[in-house]
Amino acid sequence: MAISSDAIRQAVSAAHTAALMVNGGANASYIPYLASVPSGLMGVAVVTADGQVFSAGDADYRFAIESISKVFTLALAMELLGADAIRRKVGASPTGLPFNSVMALELNSGKPLSPLVNAGAIATASLVPGDTADQCWQKILDCQSSFAGRPIDLSAEVNTSEQTTNFHNRAIGWLLYSAGTCYSDPMRAVDVYTRQCSTLITAKDLAVMGATLATGGVNPVTGKRVISTANVPHVLAEMTMEGLYTASGEWAYTVGLPGKSGVGGGILAVAPGKLAIAAFSPPLDPAGNSVRAAAAVAHVARSLGLNLYAPAAAAASA
Ligand code: GLN
């Protein structure tokens, strides 16, 4: 049975109210820009597979996409190179380690295992074709815009903040290169990856981006196909395994939807065939996931009975 608009409206509003009562966490501080974002901001949005938009709170505030960008560069690379190439060259497994782990690379002969950790995302960016970093970057930016259904912009301020502090990621780039798992100049790959993390989106944009996956690859607002239906399950499977880093298992256990977080405070979850839920709030837990955004997304998913692993009746009463 289709979920009613009233049920979604109520779930979004209640999730926003409930998440505001959740405390804890701290803004990311290793990227100076992120430390300066007001911690009290909190927005929630849902976009359905037929393009209806629901929101509460600061759902129009523009925040840094950060690691959520990894999902869309992955989708692009799958389109351009085929899903099998990504699985072979980057991987399709959880790492069980933090998103910027060097140890994960060392333990696996330099294979990143997942396109949704920093190493795998840098490797994925290195696979996007282009004669120059700018050409490669333009494809990634166009892809983010197609998913969002509006032109997405790079923030010069976020990008400068990241490019001048991303020494750990540069080290990862060189480690990949030495293992033969970086497919362009490693500093170009890190540059492009850093730019893809430095665009600004709203919770509403993020929900549209997720809804494009929920429909099987067609943006429900623009009606344009963004990726092939065949690649969508692979993207969602990667999100399930590594989308919330070391909390991905807990997330699957408690929420039961493919998700993705970013250190900018955004979290996205996709209910295939139905809708996407997005939330934004800057303070993060130790794994790098927004405390309030996770609570809000989980609240909406629970209220609407969206757990993928639950038979419909059990999901509705969970
Ligand atoms: N730009 C950030 C980094 O590379 C993204 C990390 C994240 O959102 N988890 O560290």
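Above this note sits the structure.
One structure accompanies this document, and this report is about it. This one's a predicted model, so the numbers in the text were calculated from it and none came from an experiment. (Residues numbered from 1 in each chain as written. Predicted model: local features only at pLDDT ≥ 70, side-chain atom pairs only at ≥ 80, totals over all residues. Heavy atoms only, no water.)

**Points about helix α12 (residues 232-242)**
Those residues of α12 lying buried are Val232, Val235, Leu236, Glu238, Met239 and Glu242. The buried residues of α12 occupy an angular sector of 155 degrees when projected down its axis, which confines them to one face. (Buried < 20%, exposed > 50% of the residue type's maximum accessible area, 1.4 Å probe, protein only. Helix = DSSP H or I, 4+ residues; strand = E, 2+ residues; numbered from the N terminus. Arc of directions from axis to C-beta.)

**Concerning the pairing of strand β7 (residues 266-271)**
Of all 6 residues that make up β7, 6 are buried, and the element is covered over most of its length. Of the two faces of β7, the one holding Gly266, Leu268 and Val270 and the one holding Ile267, Ala269 and Ala271 are both buried throughout. As paired elements, strand β6 (residues 259-261) and β7 share 3 bridges and run antiparallel to each other. Paired with Lys260 across the two strands is Leu268, which belongs to β7. Here β7 runs beside strand β8 (residues 275-280); their pairing, made up of 6 bridges, is antiparallel. Bridge pairing in β8 links Ile267 to Ala279. Taken together, β7 and the strand that follows it, β8, pair antiparallel across an intervening segment of 3 residues, in which Gly273 is found at a positive phi of about 80 degrees. (Pairing = 2+ DSSP bridges.)

**Topic: the site of the ligand**
Not every one of the 13 residues close to the ligand is listed here, only the nearest: Tyr30, Glu66, Ser67, Asn169 and Tyr193. Between the ligand and Asn118 there is a distance of 3.2 Å, counted from an oxygen atom to a side-chain nitrogen or oxygen. Take Tyr193: an N or O atom from its side chain is 2.7 Å from an oxygen atom of the ligand. Alone, the ligand offers 290 Å² of accessible surface; in the complex the protein occludes 98% of this. For the shell around the ligand, the per-class residue count stands at 7 nonpolar, 4 polar and 2 charged. (Near = heavy atom within 4 Å. Polar contact = N/O pair within 3.5 Å; in protein donor to acceptor, adjacent residues only side chain to side chain. Areas by Shrake-Rupley, 256 points an atom, 1.4 Å probe, with all protein chains shown as cover. Nonpolar A, V, L, I, M, F, W, Y, C, P; charged D, E, K, R; others polar.)

**Some thoughts on the environment of Ile3**
Tracing the backbone through its elements, the reader meets Ile3 in the segment before α1 (5-20). With 100 residues separating them along the chain, Ile3 and Met103 place their C-alpha atoms 44 Å apart. Beyond its immediate stretch of four places on either side in the chain, Ile3 contacts Ile8, Lys274, Leu275, Leu304 and Leu306. (Contact = heavy atoms within 4.5 Å.)

**What about the nonpolar core?**
Residues Phe147, Leu213, Val235 and Met239 are the most contacted members of the largest nonpolar core, which totals 76 residues. Apart from residues lying up to four places away in sequence, Phe147 is in contact with Phe72, Ala75, Val208, Met209, Thr212, Leu213, Asn219, Val226 and Ile227. Counting 30 residues, the second largest nonpolar core, distinct from the first, contains Ala11, Ala56, Ile267 and Ala269. (Core = buried A, V, L, I, M, F, W, Y, C linked by side-chain atoms within 4.5 Å.)

**A short note on the packing of helix α6 (residues 118-127) against helix α10 (residues 186-197)**
It is at 8 Å that the axes of α6 and α10 come closest, and there the two elements cross at 110 degrees. Comparing the axis directions of α6 and α10 gives the class roughly perpendicular. Contacts between α6 and α10 involve Asn118, Ala121, Ile122, Ala125 and Ser126 on the former and, on the latter, Ala189, Val190, Val192, Tyr193 and Gln196. The class makeup of the residues in the contact of α6 with α10 is 7 nonpolar, 3 polar and no charged. (Axes fitted to C-alpha atoms, helices over the stretch in contact; angles between N-to-C directions. Parallel < 35°, antiparallel > 145°, perpendicular 65-115°, else oblique.)

**Topic: the sheet that holds strand β5 (residues 199-201)**
Pairing is antiparallel across the open sheet formed by 3 strands, whose spatial order is β3-β5-β4. Among the strands making up the open sheet, the edge pair consists of β3 (63-64) and β4 (153-154).

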